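The primary structure of each chain is shown beneath.
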Amino acid sequence: MDNLGETADGAQQNERDAGTRAAPWWRGAVVYQVYLRSFADGDGDGVGDIAGLRARLPYLRDLGADAIWLNPWYPSPMVDGGYDVSDYRDIAPVFGTLAAADALIGEAHEQGLRVLIDLVPNHTSDRHPWFQAALAAGPGSPERERYWFRRGRGEAGELPPNNWESAFGGPAWTRVTEPDGRPGEWYLHLYAPEQPDLNWGNGEVRAEFESILRFWFDRGIDGIRIDVAHGLDKDPALPDLVSGPGGALVPAGEEHPYRDRPGVLEIYRSWRKVADAYPGDRVFVAEAWVDGPQRVARYVGPGCLHTAFNFPFLTCPWSPRGFREVIGESLAALHAVGAPATWVLSNHDCVRHVSRYGRARARMDGPHFHPESPFDLQLGTRRARAAALLMLALPGGAYLYQGEELGLWEVEDLPEEVLQDPRWEWSGHTDRGRDGCRVPLPWSGSAPPFGFGPDGSRPWLPQPPEWRDYTAEAQARDPGSMLELYRAALRMRRSHPALGDGTLRWLGSPADVLVFARDPGFCCAVNFSAGPVPLPAHEQVLLASGPLDGDRLPGDTAAWLRI
Ligand code: GLC
């Protein structure tokens, strides 16, 4: 935020040389992700909403967040939790009204919180008027040109146009019934069939989304998270994928036909111009699932997007070598283009990090988590506390996912009949999907709904009874709680001139320990081993993720030091 004391390189230095303005707020911001459906329920229907969020803004201010990012809040059939948008210029009735959204933006600003929303440009809902018009208009029409309609293969077009698969399972193509009642063309959907992919080669699609950007910037929002940012550009030849190692489908040539193609960057360069025309440093953050920090860096920098999520950091297992590599590579790649890093440990698509780290053995494959040993809550919690101090000490911004400040874990035993993630159905009931990280937050009290909604209301997913000890109320003022650790770290981050945007210096350390310094006078040490190690030379311990052992840093523990 106002941490301008760094000797930094890249864009920040240039700005300071110009001597005219402070670094923009987003370079070091802590953004709290509000998964609206599960944050707070104001009207008692079991689903979180804008009214619930408005009532809890003081909590977010007191936590020390700089901004909030809200998952999609638009009218939607909610096949994919709102990522199936039927109207990009309104609010879903279950969440509130446009007037409530305006009030929220105003109130958040009064509390010192910026507001980011989520834009879904890769696909619409099948209920979107454009898709309905495309179905009605028939083959060859301009309405179908906004999506990917194709004749099928096989003699009567009875086979999908290619072998692409949906991210949720099953083919990425669905055949439509034409207006004359006969089976006809197929349309592409890289996610659920209710999420048809837009054709970004179409001028109307481009113009429409730039107009949607303006609609929300005009309402005062400070930034936009771009859903599936890596996916908008497709190879119009729609080539088949081929079978790669382990049977996975991979591109035949160098370029993937629908992931991370250079054409997406041109779209974002145009969006950047839209954002830059507004006062007050509006920001984009890309959800780009691409291969490694070098590829992430292509999305950001002058003239392109401002920031992108650091998924290589999120997917890194609990290992000093892994973290050292991903942190080093991220900072190098992003600084080279003048962009800040943004660190993230959890979100609404991934298994919560308490549950990921709380295992002796586990691996990740993109966003998919594969546990290889049983869950140990104490281990996961200890590591999650250390990870929080690691993340919040790194140069750049950070994203917190609601509930991580409470130390919540993945709810792995939701009854099958309540599961709502389309992945559950489309995987043929082999993948339970992402509902386990979306369980409504526990705020207070000793029984569900734990203050999520009014007493007697039933949250849309059941909360574990053990969360009685994890409510925000139970944790407030308990110096040993996760909530108080986050509050203390965020308070210090705001006031310490070394933290936020800037650079770091690695210091020598035993294997299994990461130690880095930030100027002026700050050091973070994280011990990944099981046993204690001596603390690096320091003047004072500022904060620790767990009890210290005299002058020693116990295993799976992190400390912030004054040096
Ligand atoms: C993004 C969202 C995810 C959604 C998908 C399709 O990955 O984060 O929740 O299912 O896009 O829109």
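In what follows, the structure referred to is the one given above.
Note that this is a predicted model, so its numbers are computed, not measured.

Analysis parameters
- Residues numbered from 1 in each chain as written.
- Predicted model: local features only at pLDDT ≥ 70, side-chain atom pairs only at ≥ 80, totals over all residues.
- Heavy atoms only, no water.
- Helix = DSSP H or I, 4+ residues; strand = E, 2+ residues; numbered from the N terminus.
- Rg over C-alpha atoms; globule rule 2.2 N^0.38 Å.
- Contact = heavy atoms within 4.5 Å.
- Areas by Shrake-Rupley, 256 points an atom, 1.4 Å probe, with all protein chains shown as cover.
- Lys, Arg positive; Asp, Glu negative; His and termini not counted.
- Charge placed at Lys NZ, Arg CZ, Asp CG, Glu CD.
- Pairing = 2+ DSSP bridges.
- Axes fitted to C-alpha atoms, helices over the stretch in contact; angles between N-to-C directions.
- Near = heavy atom within 4 Å.
- Polar contact = N/O pair within 3.5 Å; in protein donor to acceptor, adjacent residues only side chain to side chain.
- Nonpolar A, V, L, I, M, F, W, Y, C, P; charged D, E, K, R; others polar.
- Buried < 20%, exposed > 50% of the residue type's maximum accessible area, 1.4 Å probe, protein only.
- 1 Å grid on protein atoms, 1.4 Å probe; cavity = no way out; pocket = protein on both sides within 12 Å on 5 of 7 lines; lining within 4 Å.
- Points joined across faces, edges and corners; volume = space filled by probe spheres on them.
- Phe/Tyr/Trp six-rings, centres within 6.5 Å; stacked < 30°, edge-to-face > 60°.
- Lys NZ or Arg CZ within 6 Å of the ring centre and 35° of its normal.
- Core = buried A, V, L, I, M, F, W, Y, C linked by side-chain atoms within 4.5 Å.
- Expected span 1.5 Å × (residues − 1).
- Salt bridge = Lys/Arg side-chain N within 4 Å of Asp/Glu carboxyl O.

## Some thoughts on the overall build of the protein
Okay, so step 1: A count of helical and extended segments in the protein gives 16 helices and 22 strands.
Okay, so step 2: Taken against the 2.2 N^0.38 rule, which gives 24 Å for 563 residues, the C-alpha radius of gyration of the protein at 24 Å falls within 12% of a compact globule.
Okay, so step 3: On the principal axes, the C-alpha backbone points of the protein span a range of 80 × 55 × 50 Å.
Okay, so step 4: A separation threshold of at least 6 residues defines the contact pool for the protein, and within that pool the share at least 24 residues apart is 65%.
Okay, so step 5: Total accessible area on the protein stands at roughly 21,100 Å², and carbon and sulfur atoms take up 51% of it.
Okay, so step 6: In the protein, the 55 positive side-chain charges and the 77 negative ones have mean positions that sit 3 Å from each other.

## So, the sheet that holds strand β16 (residues 505-506)
Okay, so step 1: Sheet architecture is open: five strands sit in the order β16-β17-β18-β22-β20, paired in antiparallel fashion. Whereas interior strands pair on both sides, the edge strands pair on one side only; in this sheet they are β16 and β20 (540-544).
Okay, so step 2: Of the strands in this sheet, β20 and β22 (557-562) touch helix α16 (residues 482-495), which is tilted by about 130° from β20.

## Structural notes on the site of the ligand
Okay, so step 1: Neighbouring the ligand are 14 residues, the closest being Asp80, Asp227, Glu287, His348 and Asp349.
Okay, so step 2: Here an oxygen atom of the ligand sits 3.0 Å away from a polar atom, N or O, in the side chain of Arg225.
Okay, so step 3: Compared with its free state, where it exposes 310 Å², the ligand has 96% of that area covered by protein.
Okay, so step 4: Class assignment of the residues belonging to the shell around the ligand gives a composition of four nonpolar, three polar and seven charged.

## Things to note about the side chain of Asp501
Okay, so step 1: By the secondary structure assignment, Asp501 is in the loop between α16 and β16.
Okay, so step 2: Given a relative accessible area of 5%, Asp501 falls into the buried group.
Okay, so step 3: Among the polar contacts made by the side chain of Asp501, one reaches the side chain of Arg27 at a distance of 2.7 Å.

## Observations concerning empty space enclosed by the protein
Okay, so step 1: One pass over the full model with this rule turns up six cavities of 30 Å³ or more.
Okay, so step 2: Counted as a void, the largest cavity has a volume near 80 Å³.
Okay, so step 3: Lining the largest cavity are 13 residues, with Trp26, Val31, Thr307, Thr342 and Tyr399 positioned closest to its centre.
Okay, so step 4: Elements represented by at least two residues in the lining of the largest cavity include exactly β10 (283-286) and β15 (397-401).
Okay, so step 5: Of the residues contributing to the lining of the largest cavity, the split by class is 10 nonpolar, three polar and no charged.

## With respect to the packing of aromatic side chains
Okay, so step 1: In total, this model carries 36 aromatic pairs according to the counting rule given.
Okay, so step 2: Between Trp318 and Tyr357, the aromatic rings sit 5.1 Å apart at their centres with planes inclined by 50°, giving tilted as the arrangement. Remark: Tyr357 occurs in helix α12 (residues 353-357) and Trp318 occurs in the loop between α10 (311-314) and α11 (320-336); sequence separation between them is 39 residues.
Okay, so step 3: We classify Trp318 as buried; its relative accessible area is 12%.
Okay, so step 4: Here Tyr357 falls in the buried class, since its relative accessible area comes to 2%.
Okay, so step 5: We note Arg37 situated over the ring of Trp460; from NZ or CZ to the ring centre the distance is 4.0 Å.
Okay, so step 6: Here Arg56 stacks its cationic end above the ring of Trp443, 4.1 Å away from the centre of that ring.

## Considerations on the nonpolar core
Okay, so step 1: Grouped together as the largest cluster of nonpolar side chains are 160 residues, with contacts concentrated most on Tyr32, Trp73, Tyr268, Phe323 and Trp560.
Okay, so step 2: Counting residues per element, this core draws most heavily on helix α13 (residues 377-393), at nine residues.
Okay, so step 3: The next biggest cluster of nonpolar side chains, apart from the first, holds 14 residues, and it includes Ala172, Leu188, Leu190 and Tyr191.

## A closer look at the sheet that holds strand β6 (residues 183-188)
Okay, so step 1: If you trace the three strands from one edge of the open sheet to the other, you get β4-β6-β5, paired in antiparallel fashion. Each edge of the sheet is formed by a strand with only one pairing partner; in this case those strands are β4 (149-150) and β5 (173-177).
Okay, so step 2: Bridge analysis of β5 against β6 gives four bridges, and the strand direction is antiparallel. Following the sheet pairing, Thr177 is matched in β6 by Pro183.

## Observations regarding unusual backbone geometry
Okay, so step 1: The peptide bond linking Pro448 to Pro449 adopts the cis configuration, its omega dihedral lying at 5°.
Okay, so step 2: With respect to the helices and strands, the residue Pro449 is situated in the loop between α14 (422-426) and α15 (472-475).
Okay, so step 3: Across the junction of Asp519 and Pro520, the peptide omega takes the value 0°, indicating a cis bond.
Okay, so step 4: Examined against the element boundaries, Pro520 turns out to sit in the loop between β17 (513-518) and β18 (522-527).
Okay, so step 5: The phi dihedral of Asp512 is positive, around 75°, even though this residue is not glycine.
Okay, so step 6: In this structure, Asp556 is a non-glycine residue whose phi angle is positive, near 50°.

## Some remarks on α11
Because the α-helix completes a turn every 3.6 residues, residues three or four places apart line up on one side.
Okay, so step 1: Between its terminal C-alpha atoms α11 stretches 24 Å, which fits the 24 Å expected from 17 residues at 1.5 Å a residue.
Okay, so step 2: Along α11, the positions that sit buried rather than exposed are Pro320, Phe323, Val326, Ile327, Ser330, Leu331, Ala333, Leu334 and His335.
Okay, so step 3: Directly after α11, the chain includes Gly338, whose backbone phi takes a positive value near 75°.

## Considering the pattern of salt bridges
Okay, so step 1: The full count for this structure, using the stated rule, is 35 salt bridges.
Okay, so step 2: Notably, a salt bridge pairs Arg272 with Asp276, separated by 3.2 Å at the nearest N-O pair. Note that Arg272 and Asp276 are positioned in helix α8 (residues 263-276) at a spacing of four residues, about one turn of the helix.
Okay, so step 3: With a closest N to O distance of 3.2 Å, Arg359 and Glu412 form a salt bridge. Taken together, the residues span a long stretch of sequence, with Arg359 in the loop between α12 and β13 (362-365) and Glu412 in the loop between β15 and α14 at a distance of 53 residues.
Okay, so step 4: A cluster of three or more residues bridged by salt bridges with shared partners is formed by Asp80, Asp349, Asp421, Arg434 and Arg438.

## Re the environment of Val418
Okay, so step 1: Note that Val418 resides in the loop between β15 and α14.
Okay, so step 2: According to the relative accessible area criterion, Val418 is partly exposed, its value standing at 22%.
Okay, so step 3: Here the alpha-carbon distance between Val418 and Asp435, two residues 17 residues apart in the chain, equals 9.0 Å.
Okay, so step 4: Contact partners of Val418, with chain neighbours within four places excluded, come to Leu461 and Pro462.

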